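An overview of the molecular structure
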Amino acid sequence: MKKYKWPIVFGNLILLLVYFNYSIFKKETLLNEGQLVLLELAPVDPRSLMQGDYMRLRYSLSRNNDVDIPKRGFCIVQLDSNNVASKVRFQKDTSPLNEGELPIEYTSPNNWNINIGAESFFFQESQAEKYEKAKYGGLKIDSKGNSLLIGLYDEHRAKIE
């Protein structure tokens, strides 16, 4: 068994590196090719003593949910001319989709809240005032419903830098 120790260690290391690089490649592809979608934010407290300055995000599409939404599924949204999303419905799979609709994958720990995987936005210390004016969360979304938070936007839909 001792003679197989190092090949097993190196094999696992190579598999781990391949997995991490593939994950990075998928995120970079989503950043470059994804559709920009602005989701309206619902207000929450922007401070954590243990983690520093951050904003916990809650999206308006998670309000007024039906009682019987699936625990995992897709929130189907439709974009207006300014790329601001409005909720159309929740469904279990990515299809059926009508013209102009996009899926956003979510999980629902309970019937009144959904998580799309972009519920926190970290920023440098003493920058909280700048981000308090945020009205939209900007996400890049692909056709499979994967999403990636790229920044916060103000009421004029300009990215806050």
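That block above? That's the structure.
Residues numbered from 1 in each chain as written. Predicted model: local features only at pLDDT ≥ 70, side-chain atom pairs only at ≥ 80, totals over all residues. Heavy atoms only, no water.

So, the overall build of the protein chain
- Helix and strand counts for the protein chain come out as 2 helices and 10 strands.
- Counted from the first residue to the last, the protein chain has its helices and strands arranged as α-β-β-β-β-β-β-β-β-α-β-β.
- Over its C-alpha trace the protein chain gives a radius of gyration of 19 Å, far above what one expects of a compact globule, namely 15 Å for 161 residues.
- In terms of overall dimensions, the protein chain has C-alpha extents of about 60 × 45 × 30 Å along its principal axes.
- The 161 residues of the protein chain split such that 37% are buried.
- Counting only contacts in the protein chain whose residues sit at least 6 apart along the sequence, the fraction spanning at least 24 positions is 56%.
- Here the protein chain has roughly 10700 Å² of accessible surface; of this, 53% comes from carbon and sulfur atoms.
- Side chains of the protein chain carry 21 positive and 20 negative charges; the gap between the two charge centres is 9 Å. (Helix = DSSP H or I, 4+ residues; strand = E, 2+ residues; numbered from the N terminus. Rg over C-alpha atoms; globule rule 2.2 N^0.38 Å. Buried < 20%, exposed > 50% of the residue type's maximum accessible area, 1.4 Å probe, protein only. Contact = heavy atoms within 4.5 Å. Areas by Shrake-Rupley, 256 points an atom, 1.4 Å probe, with all protein chains shown as cover. Lys, Arg positive; Asp, Glu negative; His and termini not counted. Charge placed at Lys NZ, Arg CZ, Asp CG, Glu CD.)

Notes on the nonpolar core
- Membership of the largest hydrophobic core comes to 27 residues, with the highest contact counts inside it found for Leu39, Leu57, Tyr59, Leu139 and Leu152.
- At the level of elements, strand 1 (35–42), strand 4 (72–79), strand 5 (85–91), strand 6 (101–110), strand 9 (136–141) and strand 10 (147–153) are the ones that each hand at least two residues to this core. (Core = buried A, V, L, I, M, F, W, Y, C linked by side-chain atoms within 4.5 Å.)

Focus: the pairing of strand 10
- Taken across its 7 residues, strand 10 has 6 buried, putting it largely inside the fold.
- Where strand 9 lies against strand 10, 6 bridges are found, and the strand directions are antiparallel. By the bridge assignment, leucine 139 is partnered in strand 10 with leucine 149.
- In sequence, strand 9 turns back onto strand 10 through a hairpin of 5 residues, with glycine 145 there showing a positive phi of about 95°. (Pairing = 2+ DSSP bridges.)

Side note on the sheet that holds strand 6
- Taken together, the 4 strands give an open sheet; going across it, the order is 5-4-6-7, and neighbouring strands pair in antiparallel fashion. Either end of the sheet is taken by a strand with one partner, and the two such strands are strand 5 and strand 7 (113–115). Shown here is a sheet whose adjacent strand axes are inclined to one another by a mean of 45°, direction ignored.
- As judged from the 2 bridges shared by strand 6 and strand 7, these two strands associate in the antiparallel manner. Residue pairing for strand 7: threonine 107 is matched across the bridge by asparagine 115. (Axes fitted to C-alpha atoms, helices over the stretch in contact; angles between N-to-C directions.)

Some points on the pattern of salt bridges
- Per the counting criterion, the structure on display carries 2 salt bridges.
- One salt bridge connects glutamate 40 with lysine 135, and the closest N-O pair in it is separated by 3.5 Å. With glutamate 40 in strand 1 and lysine 135 in the loop between helix 2 (128–131) and strand 9, this pair connects stretches of sequence that are 95 residues apart.
- According to the relative accessible area criterion, glutamate 40 is partly exposed, its value standing at 31%.
- Here lysine 135 falls in the partly exposed class, since its relative accessible area comes to 31%.
- Across the salt bridge formed by glutamate 101 and arginine 89, the nearest N and O atoms sit 2.9 Å from each other. In this pair, glutamate 101 sits in strand 6 while arginine 89 sits in strand 5, placing the two residues 12 residues apart along the sequence.
- You can call glutamate 101 buried: its relative accessible area is 10%.
- Accessibility expressed as a relative area gives 24% for arginine 89, which makes it partly exposed. (Salt bridge = Lys/Arg side-chain N within 4 Å of Asp/Glu carboxyl O.)

Overview of the environment of leucine 39
- Relative to the helices and strands, leucine 39 resides in strand 1.
- For the pair formed by leucine 39 and tyrosine 59, sequence separation is 20 residues and the distance between their alpha carbons is 6.4 Å.

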